[in-house]
Structures are given as structure tokens and as C-alpha cells.
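An overview of the molecular structure
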Amino acid sequence: VVSALGKVGSTDDETALLAAATDADAGVRGEAALAFFRMRFLKRVPEYSTAAVTKIAQMSADPEAEVRWRAVYGASRWPEPRLAQALAASQRDDDSRVRLFSVRALGKLALAPDEALFLDEDLYVRAEAVAAFSAAKAWERLPVSIFSDPSAHVRAAAADAAGASGDAGRFGAPLEKLAAEPGTLAPGRALLALAKLHRDGAAEILARARKDPRWWVRARAFEASAFLSDGGIILRNGVADP
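Now for a description of the structure that goes with this document. The structure presented is a predicted model; accordingly, all values stated were derived computationally and were not measured.

Criteria and thresholds
- Residues numbered from 1 in each chain as written.
- Predicted model: local features only at pLDDT ≥ 70, side-chain atom pairs only at ≥ 80, totals over all residues.
- Heavy atoms only, no water.
- Helix = DSSP H or I, 4+ residues; strand = E, 2+ residues; numbered from the N terminus.
- Buried < 20%, exposed > 50% of the residue type's maximum accessible area, 1.4 Å probe, protein only.
- Lys, Arg positive; Asp, Glu negative; His and termini not counted.
- Charge placed at Lys NZ, Arg CZ, Asp CG, Glu CD.
- Phe/Tyr/Trp six-rings, centres within 6.5 Å; stacked < 30°, edge-to-face > 60°.
- Salt bridge = Lys/Arg side-chain N within 4 Å of Asp/Glu carboxyl O.
- Contact = heavy atoms within 4.5 Å.
- Axes fitted to C-alpha atoms, helices over the stretch in contact; angles between N-to-C directions.
- Parallel < 35°, antiparallel > 145°, perpendicular 65-115°, else oblique.
- Left-handed = near helix turned anticlockwise from the far one by under 90°.

**With respect to the overall build of the protein chain**
Counting its secondary structure elements, the protein chain contains 14 helices and zero strands. Of all 242 residues assigned to the protein chain, the portion counted as buried reaches 50%. For the protein chain, the distance from the average position of its 32 positive side-chain charges to the average position of its 32 negative side-chain charges is 5 Å.

Here's what the structure looks like:
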């Protein structure tokens, strides 16, 4: 019933959801957390009420992790500044799902998370931390060590952040090293970042990458070549790639 209210309910049903948020069963409490978000996301309420925000913040500290991650998940999908304090606390949660969604939610608010998360045991949390710092435009606080993270997902997130930073001086060399490594995910994203930072200055490295035996790398190289002054010609030639 609580799940259904989240999909078809309105402001008239908030009292029922507030009651469900204190249910003895953790499953019901978790569904209440998602229901608050769904009503906001589906525009069945104009905004979270003060009572809803207070209750969601309380659920983010629920004894059960299944409730906590659902509470912060909603904030990762629909930014809510009034939950910033609760999210800052949740980024240090014992459950990796709670940390992941709280960090993503902080990024939605353009707030940088705790720098300790660059060393989080969960690779997806580390990747979200990099993305959140980029969203907060706190690129100067990104450690160059993230380009050597054991996870390709984190290294790819680092490439995205570097490309968004506009700081070719600081990130140019790490990106070139990343573009030359084995694999496909991180090198491909590094090529895109280099093109954004250097434009025609990345022409030589992109020319080599367009001949790479790895089709994924070639695909990213052609995509990145759109940033070059002769990108149109290059892309038309790329149609002939087998």
C-alpha cells in the first residue's frame, strides 16, 4: 500500500506516509522513504514538506541499512538542499550503498564530499566521490593519485573530472598516461578529456588512437575528434571504419 501511494498519492496522503515511516517493519519504512521521493519525482506534490524532509533525514539514520539507503537514494535523484546535513553524515555510513547514494546526492547539490572517500573500500563510492568533487567544481582538491586507482571505473571518472576542469596544466600529463594504458574504458574517456582540454593540441594523440586495434578506443577517439577544427572531415572518414 505504501509503495502504491508513492506512485498515485498526493499531498492528502502524506499523513499516511509519515506514519508508515515509523512502522515497526523495516520493509515498510524503506518503502515510505521511496514513496516520498516518488511523489516528488512524479510531481504529485509541489515540493517536499518540512515534515517530509524531517522524516527522510531521520530515516537516513535508521538502524536498518535497507531503510537508510532508500532514504538517501531519493536525494540522489531529486536534489534537496534541506537534506544536506543528513547527507554529510550519511557519507560515513557503514553500508556502501548509503555512502554511494549520499555522495551522489551531495554532488547533485554541488557539495564536495569527504576527501577520505577517495580511499573508500568500495570502487563505486570512490568513483562517485570523484564525480561529486567535479560537480562541486572542486577540481583543485582532486588528488592526482586517482588516475592510478586500481579500478578502471574510478580512473574513467577521474578523466571525466579532468576534462570538465579546463585545467590542462595539472591534468594533461596524467590523462596522456591514462590514454596509453591497456584496457578500454579509462583510455577512451581520457581521449575525450584530452580533446576537451587541448582541442587541436590533441590532434596527434587522437590520430594514433583512431588506428588503435581496440574498436572501443577507436570509437572514443573519433568521438573526441569532434572537438578538432577538422573534426567534420575526420568523422566522415570514420564511417569507413570496419
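On we go from here.
**Considerations on the packing of aromatic side chains**
One pass over the full model with this rule turns up nine aromatic pairs. A ring pair is formed by Phe37 and Tyr73, whose centres lie 5.8 Å apart and whose planes are at 80 degrees; its orientation type is edge-to-face. Of this pair, Phe37 sits in helix H3 (residues 26–41) while Tyr73 sits in helix H5 (residues 65–77), placing them 36 residues apart in sequence. Exposure class is identical for Phe37 and Tyr73. Each is buried. Each ring, one from Phe147 and one from Phe171, has its centre 5.8 Å from the other, and the planes form 45 degrees; the classification is tilted.

**Quick look at unusual backbone geometry**
The phi angle of most residues is negative, glycine excepted, and most peptide bonds adopt the trans form. Phi at Lys43 takes a positive value of approximately 60 degrees, unusual for a residue other than glycine. With respect to the element layout, Lys43 can be found in the loop between H3 and helix H4 (50–59). On the basis of relative accessible area, Lys43 is assigned to the exposed category, the value being 67%. Even without being glycine, Arg199 reaches a positive phi, approximately 50 degrees. Here Arg199 shows up in the loop between helix H11 (185–198) and helix H12 (203–209).

**Thoughts on the environment of Arg44**
Within the element layout of this structure, Arg44 appears in the loop between H3 and H4. Taking the C-alpha atoms as reference points, Arg44 and Ser148, separated by 104 residues in sequence, lie 45 Å from one another.

**Looking at the pattern of salt bridges**
Per the stated rule, a full pass over the model turns up 17 salt bridges. Between Glu66 and Arg97 there is a salt bridge, with the nearest N and O atoms lying 3.0 Å from each other. Of this pair, Glu66 sits in helix H5 while Arg97 sits in helix H7 (residues 96–108); the two residues are 31 residues apart in sequence, bridging distant segments of the chain. The partner of Asp93 in a salt bridge is Arg68, with the nearest N and O atoms 2.7 Å apart. Of the two residues, Asp93 sits in the loop between helix H6 (84–90) and H7 while Arg68 sits in helix H5, which places them 25 residues apart along the sequence. Judged by its relative accessible area of 13%, Asp93 is buried.

**Re the side chain of Ser151**
For Ser151, the location among the structural elements is in the loop between helix H8 (123–135) and helix H9 (152–165). Its relative accessible area of 7% is what places Ser151 among the buried residues. In contact with Ser151, not counting residues within four places along its chain, are Leu123 and Arg126.

**Section: the packing of H11 against helix H13 (residues 215–225)**
A pair of packed helices is captured by two measures, namely the crossing angle of their axes and the spacing between those axes. Remark: H11 packs on H13, axes separated minimally by 9 Å, with the N-to-C direction vectors making an angle of 15 degrees. With respect to their mutual orientation, H11 and H13 come out roughly parallel. Considering only the axes of H11 and H13, their crossing is right-handed. Listed contacts from H13 to Leu185, Gly188, Leu191, Leu192 and Ala195 of H11 are Trp216, Val217, Arg220, Ala221, Glu223 and Ala224.

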